[in-house]
Amino acid sequence: MGVSARVLAIDAGNSKTDVAIVTADGDVLATARGGGFRPPAVGVDTAMNGLAATVAQALTAAGLTSVTHVSACLANADFPVEEEQLAAALRARAWGTTVTVRNDTFAILRAGAREPRGVAVVCGAGINCVGMRPDGRTARFPALGRVSGDWGGGWGLSEEALWHASRAEDGRGAPTALSRTLPAHFGLPSMYALVEALHLEHVPALRRHELTPVLFATAADGDPVARAIVERQAEEVVSMAVVALTRLDLLAEETPVLLGGGVLAARHPQLNDRIAHLLAERAPKAVPRVVTAGPVLGAALLGLDHVQAAEGAQERLRTYYDAQG
């Protein structure tokens, strides 16, 4: 399409939205940041209205009213039917001539891969995995939590830690230092006190995610129960990655396995080293790598793929985001 093409890249997560407008030669014309994108909680129309404010800010800064292509990687686009629903809502806004919507995990994958080929596992609040090949084939999971067979992520790890700590304190389970370290994080003397505080909302439920780093610190100190939880998380990450590699016929060739999200980006040695060890056993050609680049870069790269961007555009765009730190 040539350098006249413009891409509107959108990475819309549950907590924040990043937008960038990029030329087909990889130059960034404008960026903007907005609030979270949560259609299940507020409805598609309300979520789109919030997104529209952020997009309008970027378009105005770029001196544009529309672009060639909209590349949107969106939270809560877990099934193809949801991707199509959100794509239709984006098309109705007339921000671009063409629109592509993907789950936001694809943004992590493309941000970390030098071509649209590989597998990404994201372990943040929850856990998800996707894979793709240049021919358009993809692998994915519903990633809706336990109902779709998932285990772990920051929220799941904190719940598991609380479960074991409570059982240890009252005698139903094996002893673990978690029964001391978890309540101590909130300045409380016991798991009984912490459970009561959570139940009465003296400690807000959303603060449970703070317990995930406590779990990892307790594991690093050698606690067997905490270490077992961390090792199970490594097993889950590798299980998803190997299934995705198998579905895409990538087990036999060198393939990047990108690790993203807050839990994996924290590079806890026990977790990340165990993942590397298990991958070496089960998928020897896999090349694990932690991705720290912002997901909006991945959405923009997917957009450049779509418009058949000029040679060198991807590297120019990566250079821009590397400079942003």
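Scroll up to find the structure.
Given the structure is predicted, the values throughout are model-derived calculations rather than measurements. (Residues numbered from 1 in each chain as written. Predicted model: local features only at pLDDT ≥ 70, side-chain atom pairs only at ≥ 80, totals over all residues. Heavy atoms only, no water.)

**Q** Explanation requested: the pattern of salt bridges in the structure shown.
**A** Oppositely charged side chains may form a pair once their charged atoms are brought near each other. In this structure the tally under the stated criterion is 15 salt bridges. As a salt-bridge pair, R91 and E84 come within 2.5 Å of each other at their nearest N and O atoms. Judged by its relative accessible area of 41%, E84 is partly exposed. If you follow the salt bridges from partner to partner, you end up with K16, D18 and R33 in one network. (Salt bridge = Lys/Arg side-chain N within 4 Å of Asp/Glu carboxyl O. Buried < 20%, exposed > 50% of the residue type's maximum accessible area, 1.4 Å probe, protein only.)

**Q** Mind showing me how you'd approach the nonpolar core here?
**A** With 50 residues, the main nonpolar core has L178, L182, I275 and L279 as its most contacted residues. Examining the composition of this core, we find that 12 residues originate from one element, helix 9 (residues 224–247), more than from any other. Excluding its chain neighbours within four sequence positions, the residues that come into contact with L178 are A161, A165, P183, M191, L215, T218, D223, V225, A226 and I229. A120, V130, A299 and Y321 belong to the second-largest nonpolar core, a separate cluster that totals 32 residues. (Core = buried A, V, L, I, M, F, W, Y, C linked by side-chain atoms within 4.5 Å. Helix = DSSP H or I, 4+ residues; strand = E, 2+ residues; numbered from the N terminus. Contact = heavy atoms within 4.5 Å.)

**Q** Teacher, can you tell me more about helix 13 (residues 313–324) here?
**A** For the α-helix, the turn length of 3.6 residues means that residues three or four positions removed from each other point alike. Compared with an ideal rise of 1.5 Å per residue, which puts 12 residues at 16 Å, helix 13 spans 17 Å between its outermost C-alpha atoms and is within 8% of the ideal. Looking only at helix 13, the buried set comprises A313, L317, R318 and Y321. Seen from one end, helix 13 has its buried residues packed into an arc of 130°, which puts them on one side. Residues of helix 13 that are exposed and point over 90 degrees away from its buried face: T319, D322 and A323. Turning to helix 13, the residues buried within the fold contact strand 2 (16–23), strand 3 (28–35), helix 4 (105–112) and helix 12 (295–306). (Expected span 1.5 Å × (residues − 1). Arc of directions from axis to C-beta.)

**Q** Explain the layout of surface pockets here, please?
**A** Taking a probe equal in size to a water molecule and rolling it over the atoms shows the remaining empty space. Here the second largest pocket defines a volume of roughly 180 Å³. Every residue along the wall of the second largest pocket is listed here: A111, G112, R114, R289, V290, V291, T292, A293, L297, E315, R318 and D322. Broken down by secondary-structure element, the contributors of at least two residues to the lining of the second largest pocket are helix 4, strand 10 (286–290) and helix 13. Grouping the constituent residues of the lining of the second largest pocket by class yields five nonpolar, two polar and five charged. (1 Å grid on protein atoms, 1.4 Å probe; cavity = no way out; pocket = protein on both sides within 12 Å on 5 of 7 lines; lining within 4 Å. Points joined across faces, edges and corners; volume = space filled by probe spheres on them. Nonpolar A, V, L, I, M, F, W, Y, C, P; charged D, E, K, R; others polar.)

**Q** Hey, could you run me through the pairing of strand 5 (residues 96–103) in this one?
**A** When a strand is regular, its side chains alternate between the sheet's two faces. Both strand 4 (residues 67–74) and strand 5 contribute to a ladder of seven bridges, which runs parallel. Note on strand 5: the bridge partner recorded for L74 is N103. Crossover strand 4 to strand 5 through helix 3 (residues 80–93) is right-handed. (Pairing = 2+ DSSP bridges. Right-handed = clockwise from strand over helix to strand, strands pointing away.)

**Q** Can you help me understand the packing of aromatic side chains in this one?
**A** The relative placement of two aromatic rings is captured by the distance of their centres and the angle of their planes. Tallied over the full model, the rule gives one aromatic pair. Residues Y320 and Y321 carry aromatic rings whose centres are separated by 5.0 Å and whose planes lie at 85° to one another, so their mutual orientation is edge-to-face. The ring centre of F141 lies 4.8 Å from the NZ or CZ of R247, which sits over that ring. (Phe/Tyr/Trp six-rings, centres within 6.5 Å; stacked < 30°, edge-to-face > 60°. Lys NZ or Arg CZ within 6 Å of the ring centre and 35° of its normal.)

**Q** Would you mind going over the sheet that holds strand 2 with me for this structure?
**A** The strands that make up a sheet pair up through hydrogen bonds in the backbone, lying either parallel or antiparallel. If you trace the five strands from one edge of the open sheet to the other, you get 3-2-1-4-5, paired in mixed fashion. What marks the edges here is a single partner per strand, and that holds for strand 3 and strand 5. On average, each strand axis in the sheet is tilted by 15° relative to the strand beside it, whichever way the strands run. In the sheet, strand 2 pairs with strand 3 via seven bridges, with the strands oriented antiparallel. Note on strand 3: the bridge partner recorded for K16 is G35. Running at roughly 155° to strand 3, helix 2 (residues 44–62) makes contact with strand 1 (6–12), strand 2, strand 3 and strand 4 of the sheet. (Axes fitted to C-alpha atoms, helices over the stretch in contact; angles between N-to-C directions.)

**Q** How do you make sense of the sheet that holds strand 8 (residues 138–140) when you look at a structure like this?
**A** Strands sit in the order 8-7-6-9-10 across an open sheet of five strands; the sheet is mixed. Edge strands, defined here as strands with exactly one partner in the open sheet, are strand 8 and strand 10. Here the average twist between neighbouring strands, direction ignored, is 15°. Taken together, the three bridges between strand 7 (residues 127–132) and strand 8 define a ladder with antiparallel strand orientation. Each bridged residue has a counterpart across the sheet, and for V130 the counterpart in strand 8 is R140. On the sheet, helix 4 packs against strand 6 (118–123), strand 7, strand 8, strand 9 (255–260) and strand 10 and is oriented at approximately 55° with respect to strand 7. Across the face of the sheet, helix 11 (residues 269–282) comes into contact with strand 9 and strand 10 while running at roughly 165° to strand 10.

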